[in-house]
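Working through the structure, step by step
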Amino acid sequence: MHIAIDFISFSCSLAMFRPKHVFICFLISFAFFIDPSSQHVDDVKKQQMREKVREMFYHAYDNYMTYAFPHDELKPIAKSFTDSLSELGNLKLEHLPTDYNGSAVTLVESLSSLAILGNKTEFEKGVLWLSENLTFDVDVRVNLFECNIRLLGGLISAHLLAIDPTNRLIQGSYNNELLRLAEDLGKRFLPAFETPTRIPYAWINFKKGVMENETTETSTSGCGSLILEMGALSRLTGDPRFESAALRALRQLWRMRSSLDLLGTTLDVVTGEWLEYSSGIGAGVDSFYEYLMKAYILFGKEEYWRMFRSAYLASQKYFRYGPWYHEANMWSGKPTYWQLTSLQAFWPGLQVLVGDVAAANSSHREFFHAWEKFGVIPERYLLDHQMIHPTERYYPLRPELAESTFYLYQATKDPWYLDVGEAMVKSLNRYTKVAGGFASVRDVTTMQLEDHQHSFFLAETCKYLYLLFDDSFVAKRNYIFTTEGHPIQVMSSWHEKLPESYFSGNWTFSKSGEWESGASALSMKVCPSIAPNSRLREQHRESVCHVPDQKIDHKCWSNRECGVDATTCRQRSCSEVGFCGLWNPL
């Protein structure tokens, strides 16, 4: 079998810029020339699996519309509904409203998926209903982060899809009604940012603003993952307040990092003090990393890249252990909790955007092994005890593994990822499908179900699985997906400044061993490689995961003095004779 690898324009993790226009490609794609009969088999499988995922989506969507709409989410076992917007992030179920009747959250979340599936009729019906009926002038206390990624992100994405002439999703008239709803929602967010630190409260009441005696605790992801939606809202409306508020909060959060470039998990928005020092890439922090990288792609600010690069390198140095990522103390860098969480499964997808495909593949395979072992991924697995967390045995139909599988297939075109997607589809249908939709798993050891179909199952899980088998919607287009899976098209007009250079760690060595200032990944229009360039043998490109050894001569007393290898993204260790290297196999 002969395989030829060719970088193509749709898929590059880094932004590549020209003076008069911006060309963004956010994945790596390889064209594989293989046996035509094998390719035909893959094409047939993709078509079959695409239709199975389509059936999954409509089983979930149609049941929501029948039994739950216009309430927030579906209870698929009881074939009923839950007005869950006020419950999202509200673990103690405090301050629940008495007369709130829902905001059609699942419909808002489903619009971009309907567009990707090509259902113009249902998309337009949804837009029309929301335009005429949805209001945020209701007395309900909501989580700012959840509302931002689900409602604001859903409305902005659907608006951009509606006005895109290449999609032709709206046959009748559309007068920016969704954008007006998004603007109204954004204005209701602004009082949350009126704190001494400019970091927003985690909770806001749509009608009354910040409630009296409101909690001052928030999470890093909760206050650091607002820039995509609020930045896009400012660009679309011309009102700078939304982006300014989100950016001020993000900058303040970054100023609070430790000397190791690590952040904690929770903090006080009034005092600016950290409450939880342990941190990782999972719950409470995850989308902070994601939004730094994606904000750089969407808005072109090098400030976002500089923050992301520092944070990412710190994560590789202090969190990574082979293919796994543990948590660590933000001040000392010492490990705190050794655990796998389902939310961490987004990380390989983010690494594909950066170009660290080898590292992404390594971690992704471990997550999939966990999926195979249990049938789905448990919410939390204790690596040090080799057991599921006793109180977090559930799987709420999360999309993160499907998301990373989609990105890695786009990056490699390796048909193994299609097999992963097929296995996930089979598991979801086997364990979670019920007559009234898809139910969450309460306990992965018994597969006991819970009566809840989360809106992100339609916004993300089904969407990423569908795109895995049919990527025609994103082919030859430049989109970033929000942390809730809503596509936002990358436009050169949104770039305030065109980045001119990339950091030196990704520059190319010339044959003479000297740095070539004009040979960065940007100027070469390629992504950082994870291996020597097979076609340009004189050159070698480093991966962004590279962390140098502390000493130039590579001598060491302990593993902490060793860095991360540039080509394999593996942690180097200190040998018995005192030199850093790749001594231990994974």
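As recorded by an unreviewed UniProt entry, the protein chain carries the name alpha-1,2-Mannosidase and is attributed to Brassica rapa subsp. trilocularis. Recorded in UniProt for the protein chain, the comment headed Sequence similarities (unreviewed entry) runs: "Belongs to the glycosyl hydrolase 47 family."

1. A look at the pattern of salt bridges
A full pass over the atoms with the stated rule returns 25 salt bridges. The closest approach of N and O atoms between E392 and R380, which form a salt bridge, is 3.0 Å. Of this pair, E392 sits in the loop between strand 16 (387–388) and helix 13 (400–412) while R380 sits in strand 15 (residues 380–382); the two residues are twelve residues apart in sequence, bridging distant segments of the chain. Residue E392 shares its accessibility class with R380, and that shared class is buried. Counted as one network, the salt bridges with shared partners bring together K45, D419, E422 and K426.

2. What about the sheet that holds strand 15?
Sheet architecture is open: three strands sit in the order 14-15-16, paired in antiparallel fashion. Looking at strand neighbours, the two that pair on one side only are strand 14 (339–341) and strand 16, the edges of this open sheet. Against the sheet, helix 12 (residues 357–374) contacts strand 14, strand 15 and strand 16, and its axis sits at roughly 80° relative to strand 14.

3. A word on the sheet that holds strand 7 (residues 217–219)
Across the sheet, three strands lie side by side as 7-8-9; this open sheet has antiparallel pairing. Because the sheet does not close on itself, it has two edges, and the strands there are strand 7 and strand 9 (274–276). On average, each strand axis in the sheet is inclined to that of its neighbour by 35°, with strand direction left out of account. Across three bridges, the pairing between strand 7 and strand 8 (residues 266–268) is antiparallel. Residue pairing in the sheet places E217 in a bridge with D268 of strand 8.

4. Things to note about the packing of helix 4 (residues 144–163) against helix 5 (residues 177–189)
Between helix 4 and helix 5, the shortest axis-to-axis distance is 8 Å and the interhelical angle comes to 155°. Taken together, helix 4 and helix 5 sit at an angle that is classed as roughly antiparallel. Crossing hand, helix 4 versus helix 5: left-handed. Listed contacts from helix 5 to L144, C147, N148, L151, L152, L155, I156, A158 and H159 of helix 4 are L178, L179, L181, A182, L185 and F189. Broken down by class, the residue content of the contact of helix 4 with helix 5 amounts to 13 nonpolar, two polar and no charged.

5. Section: the packing of aromatic side chains
Between two aromatic rings, the relevant description is the distance of the centres plus the angle of the planes. One pass over the full model with this rule turns up 26 aromatic pairs. Relative to Y464, the ring of F406 has its centre 6.0 Å away and its plane inclined at 35°; by these criteria the two rings are tilted. Here the residue F406 occupies a position in helix 13, and Y464 occupies one in helix 15 (residues 456–469), the gap between them amounting to 58 residues. In this structure, F406 and Y464 share a single accessibility class: buried. Here the aromatic cluster, defined as three or more aromatic residues joined through ring pairs, consists of F288, Y289, Y296, W305, F308, Y312, Y325, F346 and W347. One cation-aromatic arrangement involves R365 over W416; the distance from NZ or CZ to the ring centre is 4.0 Å. Positioned over the ring face of F473 is R477, at 5.5 Å from the centre of the ring.

Cut-offs used in this document
- Residues numbered from 1 in each chain as written.
- Predicted model: local features only at pLDDT ≥ 70, side-chain atom pairs only at ≥ 80, totals over all residues.
- Heavy atoms only, no water.
- UniProt positions renumbered as here; feature names shortened; annotations may be inferred.
- Salt bridge = Lys/Arg side-chain N within 4 Å of Asp/Glu carboxyl O.
- Helix = DSSP H or I, 4+ residues; strand = E, 2+ residues; numbered from the N terminus.
- Buried < 20%, exposed > 50% of the residue type's maximum accessible area, 1.4 Å probe, protein only.
- Pairing = 2+ DSSP bridges.
- Contact = heavy atoms within 4.5 Å.
- Axes fitted to C-alpha atoms, helices over the stretch in contact; angles between N-to-C directions.
- Parallel < 35°, antiparallel > 145°, perpendicular 65-115°, else oblique.
- Left-handed = near helix turned anticlockwise from the far one by under 90°.
- Nonpolar A, V, L, I, M, F, W, Y, C, P; charged D, E, K, R; others polar.
- Phe/Tyr/Trp six-rings, centres within 6.5 Å; stacked < 30°, edge-to-face > 60°.
- Lys NZ or Arg CZ within 6 Å of the ring centre and 35° of its normal.

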